[in-house]
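# Analysis of the macromolecular model
Residue-level listing of the chains:
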Amino acid sequence: MAKRHQVTVPPVVKLGAHEYQVALVHGLSTRGRAIGASSTPLGKIQIDPDRTSTQRLQTLLHELVHQGHSVFGAGSREPTEAQCDSFAEAVTQLLTGVMELDFDWSNLPLEESS
């Protein structure tokens, strides 16, 4: 059996000239919000830490699709939530299944939902 590889999720993700602070935020889903959120003007991506690593990765990728469109998608239609979900799920399966990567979330700040 091949050894799985560990990847540390960085607290800052850069897309083009834009930087996004990535944080784990308690209470996102319990306060009527989704398990993730992102803001282009604030440069933030928030993920509910009370999810599995796989769910966190899917959420991060989902939010990155939204932000990637903001940065690189000038003139194209905004991807739907379903399209973001499908992309995130497919890439998660590739990274965790085929490539056997595990993700370490310990470098991300832990915050409370406001």
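Described in the following lines is the structure provided in the data block. (Residues numbered from 1 in each chain as written. Predicted model: local features only at pLDDT ≥ 70, side-chain atom pairs only at ≥ 80, totals over all residues. Heavy atoms only, no water.)

## Brief notes about the packing of helix α1 (residues 53-72) against helix α2 (residues 81-98)
The criterion, for reference: Only the stretch in contact is used when fitting a helix axis, every axis being a line fitted to C-alpha atoms; angles between N-to-C directions are given from 0 to 180 degrees. Here a strand is any run of E in DSSP of at least two residues, a helix any run of H or I of at least four, and the numbering for each starts at the N terminus. Orientation labels follow simple angle bins: below 35 degrees gives roughly parallel, above 145 gives roughly antiparallel, 65 to 115 gives roughly perpendicular, and whatever is left gives oblique. Working rule for handedness: look at the near helix, and if it is turned counterclockwise from the far one by less than a right angle, call the crossing left-handed; if clockwise, right-handed. Contacts are residue-level and defined by heavy atoms, with any inter-residue pair within 4.5 Å sufficient. Under the grouping applied here, Gly and all other residues not named as nonpolar or charged are polar, the nonpolar ones being Ala, Val, Leu, Ile, Met, Phe, Trp, Tyr, Cys and Pro and the charged ones Asp, Glu, Lys and Arg.
Contact geometry for α1 and α2: axes closest at 8 Å, N-to-C directions at 130°. The orientation of α1 with respect to α2, classified from their angle, is oblique. Between α1 and α2 lies a crossing whose hand is right-handed. Packed against α1, whose contacting residues are Thr 54, Leu 57, Gln 58, Leu 61, His 62, Val 65 and His 66, the element α2 presents Glu 81, Cys 84, Asp 85, Phe 87, Ala 88, Glu 89, Val 91, Thr 92, Leu 95 and Thr 96 at the interface. Residue composition of the contact of α1 with α2, grouped by class: 8 nonpolar, 6 polar and 3 charged.

## Looking at the side chain of Thr 92
Here is the rule we go by: Working definition: with a 1.4 Å probe on protein chains only, accessible area under 20% of the residue-type maximum means buried, over 50% means exposed, and in between means partly exposed.
Its location among the elements puts Thr 92 in helix α2. Classification of Thr 92 by relative accessible area gives buried; the value is 1%. If we skip the residues at most four places from it in the chain, Thr 92 touches Thr 54, Leu 57, Gln 58, Leu 61 and Gly 97.

## Considerations on the side chain of Arg 56
Our working definition: For the purpose of counting charges, residues Lys and Arg are taken to be positive, whereas Asp and Glu are taken to be negative. His and the chain ends are not included. A carboxyl oxygen of Asp or Glu within 4 Å of a side-chain nitrogen of Lys or Arg is what we treat as a salt bridge.
Within the fold, Arg 56 resides in helix α1. The side chain of Arg 56 sits in the buried core without any salt bridge; Asp 50 is the nearest counter-charge, 7.1 Å away. Other than its neighbours up to four places away in sequence, Arg 56 contacts Leu 24, Ile 47, Asp 48, Pro 49, Arg 51 and Trp 105.

Read these as spatial facts, not as claims about activity.
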